Amino acid sequence: MVQCQVYNPDNLPFLTSLANDRISNLTNVLSKEIRDQASFCIKDQEDEWNKAFNFSSNLEFLASCMQQTQADLMRHVCTAAEAKLYVDIYFNSSNANALRPNKNCNLTSWVSGCEPGWACRAGPNELVDIDNPKVIPSRTSDCQPCCAGFFCPRGLTCMIPCPLGSHCPKAELNNQTGLCEPYNYRLPSGQPNHTCGGANIWVDIRNGSEMFCPAGSYCPTTVQEKLCSRGHYCRTGSTSEKRCFKLISCNSSSSIQDLHGYGIMLLVAIVTLLLIIYNCSDQVLTTRERRLAKTREAAARSARETAKARQRWKAAKNAAKKHASGLQTHISQRFSFKKAAKHPEEELKILDETRFETDEHLYTPVHMSTSSESLPSSAPSKGQPIEFGNPMQVMHEIEDEPVNYDGVDVGSHDRESKGQTTRGKQHYTHSQIFKYAYGQIEKEKAQQQDNKNLTFSGVVSMATDPEMRKRPLIEISFNDLTLTLKGKEKHLLRCVTGTIKPGRITAVMGPSGAGKTTFISALAGKAMGCKKTGLILINGKNESIRSYRKIIGYVPQDDIVHGNLTVEENLWFNAKCRLPAHLPKPDKVLVVERVIESLGLHMVRDSLVGTVEKRGISGGQRKRVNVGLEMVMEPSLLILDEPTSGLDSASSLQLLRALRREALEGVNICMVLHQPSFTLFQMFDDLVLLAKGGFTVYHGSAKKAEQYFAGLGIHVPDRVNPPDHFIDILEGIVKPSQSSGVNYIDLPVRWMLHNGYQVPPDLQQTAARITMPLASPAPTNGTSPHAAIEEKSFVGELWQDVMSKVEIHRDSLHNNFLKSKDLSRRRTPGVLWQYRYFLGRLCKQRMREAKVQAIDYLILLLAGLCLGTIAKTDEINFGAVGYTYTIIAVSLLCQIAALRSFSLDKLQYWRESASGMSSLAYFLAKDTVDHFNTVIKPLVYLSMYFFITNPRSSFAENYIVLLCLVYCVTGMGYAFAIFFQPGPAQLWSALVPVVLTLVASQTQDSEVLKRISNLCYPKWASEAFVISNAERYHGVWLITRCGTLRAKGYSLDEWTLCIVILILNGVISRSIAYLGMITFKKK
């Protein structure tokens, strides 16, 4: 309770201190009353009220007011109820100047103390409870101007202390304008004795900036204003001057410090760091290449030593036979190179069956002499098996004279010959020839060096330690295979029956539209949107081909390789990811070296493959790299789609020779070709010839194709390439001779009758006509394999197209999520190891894209410079306008840059994922590498924007928000890149940030708009920026802060929530992008 006291100057310090304590109690009570209403803008109420109303450091203005009021100050100061009445207008009223009527100021009672800048005293008999938040005392007597350091709002007859950071001197009348300056209120009319009082109102800076301590000055108390000294700066509403950073010169009366120098230094540091990284990357790559070269040399040296040890072991064995018969018996029992007669169950079987073999099968054939003499170099006669001699001679004879070589199927024999032992000269499989020939190459090199004697035990240990790797064999049989396009009921393949065998090269040929690519796609399990009838057997079992995809190589028609990697890097990456995980690194190196040598790529092994913008190796070399990607994983089945298209005859021959070497190792090779040359045609073992409509015209040995067609009366003219002539016949360009009586339309039916296959019902009439020798010529309107299809309406065709696409997508989704049992028995590296390999490859690619990254940084730098210049520090909205520009610019630039991560490598990803590589490892590696940009780009942008605008929030807070923003929009960029083509993806990336920012920045008058805004990431980014800035505004800024945050719907307690939501948006968008990547990927 406050009662009347007699003024005594000697008691002034005590009374002043007492008044300060009472005012502190008043503010504490007021803070409790508005705690719930102001919780969104006041985080720590005690701390905030101390920064606004703790006057204990200087009580001069209170002492002055005590003198003015004759020690009766507390009867002039507003009670908690009156102060709450004033504060409520900022929380419960849309008009900040609309003070509700009260018992002292209303329509019937309006004293001079109700005018702005004036206050009255409570009556002498009135008991004033300053802490009472509900009772307003009667205060209508002894009205006088408001004391300096206090403000007296219109409609209240009491004084409220001005908050720290304000300047509240007494007003002076400007006779010219009639305003009481600096507060700009007018004197009431009809009251000539009324003078200008003190401050009249404390509002936000937008509606009343006169009360704020001006920029360039600081106000230690509410009645003092001092200019900032040199080397210091003072912002608006400052209570003290702040020292400028080192290396920055601040003139007197500076409102902000010039941080451009620090921005330039930060930019220089970032550029220097990036230059160091990119320059050192070349050294890192060079060092890695050097170490890889040493690994290759070590692997080759190990192979030579192994071969040398085996040769010495043979010499030691022969010596032992000559000089110790007892030792000869012991050795022959354990290390004999002679094979016993093989029983039928001991033959080499296919894939997952037991193999019975001895060391002799791994290293040398039975009849091979231990001496260094070789067999005569003359080529064997046609139809006879090749005898082993000099390995290089054997290989060249097979490649140069394929017509003289009668290949033998690996792992399969005629049923009649099963269980019989071959007498005389033994026929050897392709795999045996390959292993012998290539094993002997290193042996011959070892023989050229000086032989050093090894101990017998050393020879035995070295000879018996290494084991030869064997590839599992795959034989594919298909019986009455028919593919019909779903939705259209159009036949793509019909009644195709046959077998493609391991160790042989099968060529699939035919005119355009014959279904060649569809045929190999069906074999590889890639035919989408088709209804399949008939059987496809894997090694005689009805199993899914996807169960063997780890040992199946599929070479697409397009050269899908990474252009920003070298030839060796492309091959080495595939080898690491697709070869068995337990395979030692030296063995992997040898595999890659063998492929490089066989494809003739050793001259360009360190050259970049090249892209459309940057030329690299030639087209033929690129095609060979495309094939080599599948060869390095040592497949058992290799399917190629037009591997020789676009190649000259020399490149095609070199490629076929490399494939011939693979076939010699037991690989089942099937390829589609368009009219190969005669030389290439001779290198094929089998031929599948398809006619239009997907019918088989011929399937068998390529060397017997001419004989079959000659039996039908179709003879190949002299000096005409047989495959060209066959395709011309099937196209209808060349007509068979009249004497043959053969029509090209009848050829599929003739092949069915020739092999005893069942003829479809719609071709029975043609079959009957062929089987009747005296049948009349085929009518022009007769039934044929290519009978006219009933023409449908436009709506019917449109419906068929729609249904066909729906079926294709349905099959694609089914295959993408179909889990097949792995029957390949090859354990490839897991997700973590593949993640490591992908990460290494992506780092190399990004290092070689340094110019693109530099352009991204330069654009961000210019954006920060321009936006920082345009959006100067806006203290009214705490920089909200500049932050809105920042969100739009950074979102747009980072999203467009993120598109490159997945848009440019879609084809490569589809190929790698179809081969069994981990999609998760690929996605995580991409995202991990992009984290470098996520960290650097905010620094680049803020190096200009932050140091130009110089907000009150710290650099760390701005960086954290911008870091989370970049992480969020990068994930959205991933999703756009995966779900859309490059053009639409760029359009979405440009529109979405602008639209979402505009929606989030709208005044949220309705609940619907508020809910929509909460779904927009710019709302949370803007709130985080504004909150981090608003927290730095105290004292006189308190009402401005609360008013701005209330208008925008922000809360100081939500800064952490904003950061979490931005990160969560980034995680969700990445999850959606990943699901889209594995769901809608092309097969």
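Refer to the structure presented above.
Worth saying up front: this structure is predicted, and the values here are computed from it rather than measured.

Undergrad: What exactly am I supposed to notice about the overall build of the protein chain here?
TA: The helix and strand tally for the protein chain stands at 33 helices and 20 strands. Out of the 1083 residues belonging to the protein chain, those deemed buried represent 52%. Long-range pairs, those at least 24 residues apart, make up 72% of the contacts in the protein chain with a sequence separation of at least 6. Split by element, the accessible area of the protein chain, about 50,400 Å² in all, is 54% carbon and sulfur.

Undergrad: Can you help me understand the sheet that holds strand 7 (residues 185-186) in this one?
TA: Backbone-to-backbone hydrogen bonds pair the strands of a sheet. The strands run either parallel or antiparallel. Spatially, 3 strands are ordered 5-6-7 in an open sheet, and the strand pairing comes out antiparallel. Edge strands, defined here as strands with exactly one partner in the open sheet, are strand 5 (172-174) and strand 7. Here strand 5 pairs with strand 6 (residues 179-181) via 3 bridges, running antiparallel. If you follow Leu-173 over to strand 6, its bridge partner there is Cys-180.

Undergrad: Sorry, what's going on with the sheet that holds strand 13 (residues 490-500) here?
TA: If you walk across this open sheet you meet the 3 strands as 13-12-15, and the pairing is antiparallel. Where the open sheet ends on each side, the last strands, each with one partner, are strand 13 and strand 15 (530-538). Recorded for the sheet is a direction-independent mean angle of 5° between the axes of neighbouring strands. Looking at chain direction, strand 12 (residues 476-485) and strand 13 are connected through 7 bridges and run antiparallel. Looking across to strand 13, one finds that Thr-484 is bridged to His-491. Contacting strand 12, strand 13 and strand 15, helix 12 (residues 516-523) runs over the sheet at an angle of about 120° to strand 12.

Undergrad: I'm lost on the side chain of Arg-605 in this one. Help?
TA: Note on placement: Arg-605 falls in the loop between helix 14 (585-598) and helix 15 (619-631). In this structure the side chain of Arg-605 is engaged in a polar contact, spanning 2.3 Å, whose partner is the side chain of Glu-593.

Undergrad: Got a minute to help me understand the nonpolar core in this structure?
TA: Proteins that are soluble and globular tend to have nonpolar side chains buried together. Leu-73, Tyr-86, Phe-150, Met-159, Trp-202 and Tyr-941 are the most contacted members of the largest nonpolar core, which has 146 residues in total. Discounting residues that sit within four places of it in the chain, Leu-73 has contacts with Ala-19, Leu-62, Cys-65, Met-66, Phe-150 and Met-159. Ranked by size, the runner-up nonpolar core spans 61 residues in total, among them Ile-505, Val-595, Ala-702 and Phe-726.

Undergrad: Just checking my understanding: could you explain a nonpolar patch on the surface for this structure?
TA: On the surface, Phe-979, Ile-1063, Leu-1064, Val-1067, Ile-1068, Ile-1072 and Phe-1080 cluster together into a nonpolar patch covering about 610 Å² of accessible area. Among the elements that line the nonpolar patch, the one with the most residues is helix 33 (residues 1055-1079), at 5 residues. Looking at the element boundaries, Phe-1080 is found in the segment after helix 33.

Undergrad: For this particular structure, what's the right way to read the packing of helix 28 (residues 955-979) against helix 29 (residues 982-1000)?
TA: Between two packed helices, both the angle of their axes relative to each other and the distance between the axes serve to describe the pair. Packing of helix 28 against helix 29 brings their axes to within 8 Å, and their N-to-C directions diverge by 145°. The element helix 28 and its partner helix 29 pack so that their crossing is right-handed. Within the contact between the two elements, helix 28 uses Met-972, Phe-976 and Ala-977 and helix 29 uses Ala-985, Trp-988, Ser-989 and Val-992. Considered class by class, the residues forming the contact of helix 28 with helix 29 number 6 nonpolar, 1 polar and no charged.

About the criteria used
Sequence order as written defines the numbering, with residues in each chain counted from 1. Local features are withheld for residues below a pLDDT of 70 in this predicted model, meaning they are given only at 70 or higher, and side-chain atom pairs are given and counted only at 80 or more; totals for whole chains, interfaces and linings count all residues. The side-chain quantities take in all heavy atoms of the structure and omit both hydrogens and water. For the purposes of this entry, the term helix denotes a DSSP run of H or I that reaches at least four residues, the term strand denotes a run of E that reaches at least two, and both are numbered from the N terminus. Only protein chains enter the accessibility calculation, which uses a 1.4 Å probe; a residue whose area is less than 20% of its type maximum is buried, one above 50% is exposed, and one in between is partly exposed. Residue contacts are defined here by distance: any two heavy atoms, one from each residue, within 4.5 Å place the two residues in contact. Reported accessibility uses the Shrake-Rupley method at a 1.4 Å probe radius. Residues are deemed covered only where the shown protein chains occlude them. For two strands to be treated as a pair, DSSP must find at least two bridges joining them. With axes taken as lines fitted to C-alpha atoms, and helix axes fitted only over the stretch in contact, angles between N-to-C directions fall between 0 and 180 degrees. Definition of a polar contact: a pair of N or O atoms within 3.5 Å, with one able to donate and the other able to accept a hydrogen when the atoms are protein atoms, and with sequence-neighbouring residues admitted only if both atoms are side-chain atoms. Put simply, buried Ala, Val, Leu, Ile, Met, Phe, Trp, Tyr and Cys residues joined by side-chain atoms within 4.5 Å make one nonpolar core. Residues enter patches when their relative accessible area tops 30% and they take part in no salt bridge; the joining distance is 9 Å for like charges and 5 Å for the nonpolar side chains Val, Leu, Ile, Met, Phe, Trp and Tyr. When a carboxyl oxygen of Asp or Glu lies within 4 Å of a side-chain nitrogen of Lys or Arg, that pair is called a salt bridge. In this scheme the handedness of a crossing depends on how the near helix is turned from the far one: anticlockwise by less than a right angle means left-handed, clockwise means right-handed. Side-chain classes are defined by residue name, with Ala, Val, Leu, Ile, Met, Phe, Trp, Tyr, Cys and Pro counting as nonpolar, Asp, Glu, Lys and Arg as charged, and the others, Gly among them, as polar.

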